[in-house]
Amino acid sequence: MDPRLDPADPASPLALERTLSYRLHLLHKLTDQESQRAYLAQTGLSMSDGRCLASIGAFEPLSVNALARSANLNKGQASRAAQSLVEQGLVNKTGSEQDGRGVVLSLTEPGRRAWQQVMALIEQRNQAIFGSLSPGEQALLSGLFDRLIAQAQAGVVNTVNTPV
């Protein structure tokens, strides 16, 4: 074997392909491509709108800031997706009683039906992605992800001394 292609050698190009961040990004890209197609085909929504609808339905009533956090978006993206869902008649946007400048998002009746479709699609995609793992492996991976996420949220993986 060519010594330059030894995955154990940090200078090897193959070493990159074995890193967690590289592999997570690759899995993300591969699954997102199919998810984008499936969201449009099965719900008529963009993936961003579908993910926001899922968050609003799961956690309503929700502010735009809370939507951004729950859907892993920045505030601008969450605001645009919320407005798109309002324009489609799937979400109500009302003034917040706690914050005079804020809004609260909740599902309309058509939004609730669309939310059920989105949740069924999410479950279908989840099964397609994790289907090659046994139930025990799925539980183990889920627990490992919980630990990695908790570590990242605690700032432990922040190696450049900037806020996470």
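Calculation criteria
Residues numbered from 1 in each chain as written. Predicted model: local features only at pLDDT ≥ 70, side-chain atom pairs only at ≥ 80, totals over all residues. Heavy atoms only, no water. Helix = DSSP H or I, 4+ residues; strand = E, 2+ residues; numbered from the N terminus. Buried < 20%, exposed > 50% of the residue type's maximum accessible area, 1.4 Å probe, protein only. Contact = heavy atoms within 4.5 Å. Axes fitted to C-alpha atoms, helices over the stretch in contact; angles between N-to-C directions. Parallel < 35°, antiparallel > 145°, perpendicular 65-115°, else oblique. Nonpolar A, V, L, I, M, F, W, Y, C, P; charged D, E, K, R; others polar. Expected span 1.5 Å × (residues − 1).

Engineer: Can you break down the overall build of the chain residue by residue, with the values?
Structural biologist: Across its full length, the chain holds seven helices and two strands. The helix and strand sequence of the chain, counted from the amino end, reads α-α-α-α-α-β-β-α-α. Looking at the 164 residues of the chain, the share that counts as buried comes to 25%. Here the contacts in the chain between residues at least 6 apart in sequence split such that 43% fall between residues at least 24 apart.

Engineer: So what about the packing of helix α3 (residues 47–59) against helix α5 (residues 75–87)? Which residues, and what values?
Structural biologist: At a minimum axis separation of 9 Å, α3 and α5 run at an interaxial angle of 85°. Our classification of the angle between α3 and α5 gives roughly perpendicular. Packed against α3, whose contacting residues are Ser48, Asp49, Cys52, Leu53 and Ile56, the element α5 presents Ala81, Ser84 and Leu85 at the interface. Looking at side-chain class alone, the contact of α3 with α5 contains five nonpolar, two polar and one charged residues.

Engineer: Residues and numbers for helix α7 (residues 135–153), please.
Structural biologist: An ideal rise of 1.5 Å per residue puts 27 Å on 19 residues; α7 measures up with 27 Å between its terminal C-alpha atoms. Glycine 155 lies just past α7 and shows a positive phi near 85°.

Engineer: I'd like a description of the side chain of serine 35, backed by residues and values.
Structural biologist: Summarising the element assignment, serine 35 is placed in helix α2 (residues 20–43). Looking at serine 35, the relative accessible area reads 7%, which means it is buried. What serine 35 contacts, discounting residues up to four positions off in sequence, is Met47 and Arg125.

Engineer: Go over the environment of aspartate 49 with me, naming the residues and quoting the values.
Structural biologist: Looking at the element boundaries, aspartate 49 is found in helix α3. Discounting chain neighbours no more than four positions away, the residues touching aspartate 49 are Ala81, Ser84, Leu85 and Gln88.

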